[in-house]
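Given next are the chains, with one letter for each unit.
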Amino acid sequence: MSERYDVVIIGAGNSGLTAACRASVMGLKCLCIERHNTVGGAAASFVRGRFEFEASLHEIQDFGQGEMRGQLGRLFDELGIKMEWLEIPDAFRVIVEDGGERTLDATVPHGRKEFTDYMESVCPGSRESIDLFFDAEAAVGRGLEYLGKSRGNPDPELLRTEHAEFMKILSLSAGEFFRIINMPEKAIDIISAYWPYQGSDMETLDAARYIMMANSFFRGGAYMPKMRSHEMANELEKAARRKGCDFWFNTEVSKILTKDGAVCGVETADGRRVECCAVISNAFPDVVYTKMLDNKSLIPEFELKKANARSYGFRAFVLYLGLDATAEELGIKDYTVFIYPSTDTKKLFEQTKNVDLAGNCLPTHLTSTCLNVVNPDATPPGTCHFALTTGYVSDLWEKVPPEQYNRIKRRIADDLLKRYEEVMGIDIRSHIEEMSIATPVTFARYMGTPQGTVYGYHSSYWDGMSARTLAGGREQTVPGLFFAGAHANRMSGFFPTLTGGDLTGRQVMGYVMSGGGQS
């Protein structure tokens, strides 16, 4: 006999966990089904030798205290999640160097006043535009809050009169916004350093998304869980369980079942059936529509067109290193360093589409992180945790022959090391004790995402956070089917997926309490 739940959540990634928490808090009977033996998805860690590596999280915002406590921090407070957070000392260091010529080297502080004063010191005349950048966050926040409350049916007149600034920003790319507020070019180059965190160039990325993300980091600071991101996932699971949510691990959902035109349950790969009113899927719409939904005739034509028109976001390549010397001994002073050969983000983005994986070409961009700068106790005494990350925006790894896979991934890892060592003047390779290389193939195998994307769908004008939020509930999928994750409305990143899952949990509540799609 089938078991019965109000909601089944497919996948215990960040978004699925917060969706499970929210739906359970509101009194719904929830079941979260995860194909792995643990929660977290990208929020994971793994052990090699005497090192425990952080799999994906570089930093997260909103966990300051007092006035600096943001939306995500308040959500964790509400859910009763208590963790030790470590504050990251600076926003980042950004270096632009090509052919040995360094044209930019800036170490950017946290805090609105500190950031504004710093930018004025290195870019005289930028103060007014920096203030406009910070002030824009409030307009965007109010607009997004209103759209959320309108549930996909905003009043056009109210948008025109009370949210005029927000609507103007919605029509702009991040690059256009910065030029409209007359921000000096050097200031734009510095403030744009976060673009890989969004997986799109500044001329394509919607302004509202970048304003919200960058503002939050610069104004409120950035943090890391002391016990890595997997601690956060574990605490979310505990919070969901406290509210009555059940979990099935080592179990894969093979079918989403429908009846009378709406979702009515799921079937697992081992043949178990679960009845439910709604399903929240961490799996991509592409996967759900092509492989999981039992009645594909229910998929609205517009949903299929969207799925076919979208392209996947960044596919990550990460070199994890356990080094046999401390960060101080090696001369590593910065937690995060962005290294670019150019300030032209559009050019850099386009170049990632056509990288010759079999050739000897240095990466177009890379990000280095050293966890011990933030957490000295992250590794055994006398060692440090170091990682280099780059990304691709096309399915380049699909073309790699299996017999060449190991050679190519090691060669790219070597290229990343070479680039970092040349720019920073720091010897890393002679101190490597442990090494692990994750390619898009690795992420595809572990997370089950198409082509190994860790960024959901590519953010573009017609399909960015702003467009998806503005569309809201007007773009309906199969009744009872909801999505949460990097592919959903809030898009990729730890903050968007965590808060996006909470939003989806709220939406499901309304659907279930109205009786769902069942007669």
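Anyway, here's the lowdown on the structure attached to this text. Every chain is numbered independently, its residues counted from 1 as its sequence is written. Owing to the predicted nature of the model, reporting of local features is limited to residues with pLDDT of at least 70; listing and counting of side-chain atom pairs is limited to 80 or more, with chain, interface and lining totals taken over all residues. Only heavy atoms go into the side-chain values, all of them from the structure, while hydrogens and water stay out.

Observations concerning the overall build of the chain
Part 1: Counting its regular elements, the chain contains 19 helices and 19 strands.
Part 2: The C-alpha atoms of the chain give a radius of gyration of 23 Å, which matches the 24 Å a tight globule of 519 residues would have.
Part 3: Summarising its shape, the C-alpha atoms of the chain cover approximately 70 × 55 × 45 Å along the three principal directions.
Part 4: For every residue, the accessible area (1.4 Å probe, protein chains only) is compared with the maximum for its type, and the residue is labelled buried under 20%, exposed over 50%, or partly exposed between those bounds. By residue count, 60% of the 519 residues in the chain fall in the buried class.
Part 5: The contact rule is simple, with two residues in contact once any of their heavy atoms fall within 4.5 Å. Here the contacts in the chain between residues at least 6 apart in sequence split such that 75% fall between residues at least 24 apart.
Part 6: Surface accessibility of the chain: about 21100 Å² in total, with carbon and sulfur atoms responsible for 49%.
Part 7: Charged residues are defined here as Lys and Arg on the positive side and Asp and Glu on the negative side; His and the ends of the chain fall outside this count. Where a charge lies is defined by one atom per residue type: Lys uses NZ, Arg uses CZ, Asp uses CG and Glu uses CD. Each charge class in the chain was averaged separately, 56 positive and 69 negative side chains, and the resulting centres sit 4 Å apart. The numbering of helices and of strands both runs from the N terminus, where a helix is a DSSP run of H or I of at least 4 residues and a strand a run of E of at least 2. The atom set for the radius of gyration is the C-alpha atoms, and the globule formula is 2.2 Å times the number of residues raised to the power 0.38. Surface accessibility in these figures is a Shrake-Rupley result with a 1.4 Å probe; residues are shielded only by whichever protein chains are displayed.

Remarks on the packing of helix α1 (residues 14-25) against helix α11 (residues 228-242)
When two helices pack together, their arrangement is given by the angle between the helix axes and by the axis-to-axis distance.
Part 1: The contact between α1 and α11 brings their axes to 9 Å, and the two run at 20 degrees. Between α1 and α11, the interaxial angle falls into the category roughly parallel. As α1 packs across α11, the resulting crossing turns out to be left-handed. Contacts from Leu17, Thr18, Ala20, Cys21 and Ser24 in α1 reach Ala233, Leu236, Glu237, Ala239 and Ala240 in α11.
Part 2: By the convention adopted, Pro, Cys, Tyr, Trp, Phe, Met, Ile, Leu, Val and Ala count as nonpolar, Lys, Arg, Asp and Glu as charged, and the other residues, Gly among them, as polar. Class assignment of the residues belonging to the contact of α1 with α11 gives a composition of seven nonpolar, two polar and one charged. Note on geometry: axes are C-alpha line fits, over the in-contact stretch for helices, and angles between N-to-C directions span 0 to 180 degrees. Angle categories are assigned with fixed cut-offs, so that under 35 degrees is roughly parallel, over 145 is roughly antiparallel, 65 to 115 is roughly perpendicular, and the rest are oblique. It is the rotation of the near helix from the far one that decides the hand of a crossing: anticlockwise by less than a right angle makes it left-handed, clockwise makes it right-handed.

Considering the nonpolar core
Part 1: Within the largest apolar cluster, 108 residues are counted, with the highest numbers of intra-cluster contacts made by Phe92, Phe133, Phe177, Phe178, Tyr194 and Phe218.
Part 2: Leu321, Ala327, Cys370 and Ile412 belong to the second-largest nonpolar core, a separate cluster that totals 33 residues. Think of a nonpolar core as a cluster: buried Ala, Val, Leu, Ile, Met, Phe, Trp, Tyr and Cys residues, connected wherever their side-chain atoms sit within 4.5 Å.

Section: the pairing of strand β16 (residues 366-370)
Part 1: Counting buried positions over the five residues of β16 gives five, a clear majority of the element.
Part 2: Strand pairing is assigned whenever DSSP identifies at least 2 bridges connecting the two strands. Of the strand pairs in this sheet, β16 and strand β17 (residues 384-392) are connected by four bridges, and their pairing is antiparallel. Paired with Ser368 across the strands is Leu388, a residue of β17.

Comments concerning the sheet that holds β17
By way of backbone hydrogen bonds, the strands of a sheet pair with one another, either parallel or antiparallel.
Part 1: On the basis of which strands lie adjacent, the open sheet formed by seven strands has the order β8-β7-β15-β16-β17-β14-β18 and mixed pairing. The sheet is open, and its two borders are formed by β8 (101-109) and β18 (432-438), each paired with just one other strand. The average angle at which neighbouring strand axes cross in this sheet is 15 degrees, direction not considered.
Part 2: Here helix α16 (residues 405-424) sits on the sheet in contact with β7 (90-98), β8, β14 (315-323), β15 (336-340), β16, β17 and β18, set at roughly 70 degrees to β14.

Focus: the environment of Leu321
Part 1: With respect to the element layout, Leu321 can be found in strand β14.
Part 2: Accessibility expressed as a relative area gives 0% for Leu321, which makes it buried.
Part 3: Separated by 63 residues in sequence, Leu321 and Cys384 have C-alpha atoms that sit 8.3 Å apart.
Part 4: With sequence-adjacent residues up to four places away left out, Leu321 is seen in contact with Phe53, Cys384, His385, Phe386, Leu417, Ile428, Ile432, Glu434 and Met435.

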